[in-house]
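Below, each chain spelled out in residue letters.
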Amino acid sequence: MTTPVHPPLSRERMLAVSAQWQRFMAGLAVDAGLVRPVILQSWQRCRQAGFPSDRLALCPIDTAGLARSVAHNRELVETAKEVMDWLAHSIHLSSSVVTLVDTTGLVLHVSATSEDLENVPYGAPGRRCDEATLGSNGMGVCLIERKPVHVIAAEHFNATLHYLSCSAAPVHDSSGRFLGAINLAISTENFHQHTLGL
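Quick caveat: nothing in here was measured; it's all calculated off a predicted structure. (Residues numbered from 1 in each chain as written. Predicted model: local features only at pLDDT ≥ 70, side-chain atom pairs only at ≥ 80, totals over all residues. Heavy atoms only, no water.)

1. Some thoughts on the sheet that holds strand β3 (residues 149-152)
No. 1: Reading across the sheet, the five strands line up as β2-β1-β5-β4-β3 and stay open at both edges, with antiparallel pairing between neighbours. The open sheet has two free edges, formed respectively by β2 (107-111) and β3, since each of these has just one partner strand. Shown here is a sheet whose adjacent strand axes are inclined to one another by a mean of 20 degrees, direction ignored.
No. 2: Summarising the sheet, β3 and strand β4 (residues 164-172) pair through four bridges and their orientation is antiparallel. Looking at the pairing, H150 lines up with S167 of β4. (Pairing = 2+ DSSP bridges. Helix = DSSP H or I, 4+ residues; strand = E, 2+ residues; numbered from the N terminus. Axes fitted to C-alpha atoms, helices over the stretch in contact; angles between N-to-C directions.)

Right under this line is the structure:
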């Protein structure tokens, strides 16, 4: 039997991935033609870690850790702010949040309206967005893979994040040293193919 091919952001594709997510959560085999390897590997890590798929507790804001990491990454934060603010402003009408994290997943800076940030509460500075804290998500997977990734709707391990879609990219310094990641989180209904290139 041949697996149907759907455009990556089509409604049909999203429904197909959602059905595969349900199968995975039920302990059934999933169609590797529908679930990208990077996502399936993340789901498997989350399952092995015992991460919940139906609830998400926000970690407390680490004020002391934030101050230390911002001081340690001052040049990164200052350089990234301008790009992040431009990106958030350019897609302001799409309910988006642009987040900068360090290599541990600690949020260093966010560019968003307060209303948009309410829709993505884990994106607040001082919170953690690594895979161990949030399950499969753009920033968490990017920090592990150290390459650009997108996590769309039901590709998130945790069902409470299925309303979001994310594109994340690693950040390196001029010598190639890995510094963290920048992530764009946007409501799935506003997410489209062009978002992947931002």
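2. Structural notes on helix α3 (residues 63-72)
No. 1: Along α3, the residues that are buried comprise G65, L66 and S69. Burial along α3 is one-sided: seen end-on, the buried residues are contained in an arc of 100 degrees. Exposed side chains of α3 directed beyond 90 degrees from the buried face belong to T63 and R68.
No. 2: Here the buried face of α3 lies against β1 (96-102) and β2. (Buried < 20%, exposed > 50% of the residue type's maximum accessible area, 1.4 Å probe, protein only. Arc of directions from axis to C-beta. Contact = heavy atoms within 4.5 Å.)

3. What about helix α7 (residues 138-145)?
No. 1: The buried count for α7 comes to six of eight residues, which makes it a mostly enclosed element.
No. 2: The complete set of buried residues in α7 reads G138, M139, G140, V141, C142 and L143.
No. 3: A distance of 3.1 Å separates the backbone nitrogen of M139 from a side-chain oxygen at the start of α7, and that oxygen is part of N137.
No. 4: Count one or two residues on from α7 and you reach R146, which has phi positive near 55 degrees. (Polar contact = N/O pair within 3.5 Å; in protein donor to acceptor, adjacent residues only side chain to side chain.)

4. Remarks on the pattern of salt bridges
No. 1: Evaluated as defined, the whole model comprises six salt bridges.
No. 2: A salt bridge links R128 to D62, with the nearest nitrogen and oxygen atoms 3.8 Å apart. Of this pair, R128 sits in the loop between α5 (114-119) and α6 (131-134) while D62 sits in the loop between α2 (37-48) and α3, and the two are 66 residues apart along the sequence.
No. 3: Its relative accessible area of 27% is what places R128 among the partly exposed residues.
No. 4: By relative accessible area, D62 is classed as partly exposed at 26%.
No. 5: Close ionic contact of E78 with K81 constitutes a salt bridge, the shortest N to O distance being 3.6 Å. In this pair, E78 and K81 both sit in helix α4 (residues 74-90), three residues apart, roughly one turn of the helix.
No. 6: Among the residues examined, E78 registers a relative accessible area of 46% and is labelled partly exposed.
No. 7: Owing to a relative accessible area of 28%, K81 belongs among the partly exposed residues under this scheme. (Salt bridge = Lys/Arg side-chain N within 4 Å of Asp/Glu carboxyl O.)

5. Thoughts on the nonpolar core
Side chains of nonpolar character tend, in soluble globular proteins, to be buried together.
No. 1: In this structure, I39, W43, V101, V120, Y122, C129 and F157 are the most contacted members of the largest nonpolar core, which totals 33 residues.
No. 2: Considering each element in turn, this core owes the most residues, five residues, to α2.
No. 3: Setting aside chain neighbours within four positions, we find V120 in contact with V97, Y163, L164 and A185.
No. 4: Grouped together as the second largest cluster of nonpolar side chains are 13 residues, A80, A88, V98 and L108 included. (Core = buried A, V, L, I, M, F, W, Y, C linked by side-chain atoms within 4.5 Å.)

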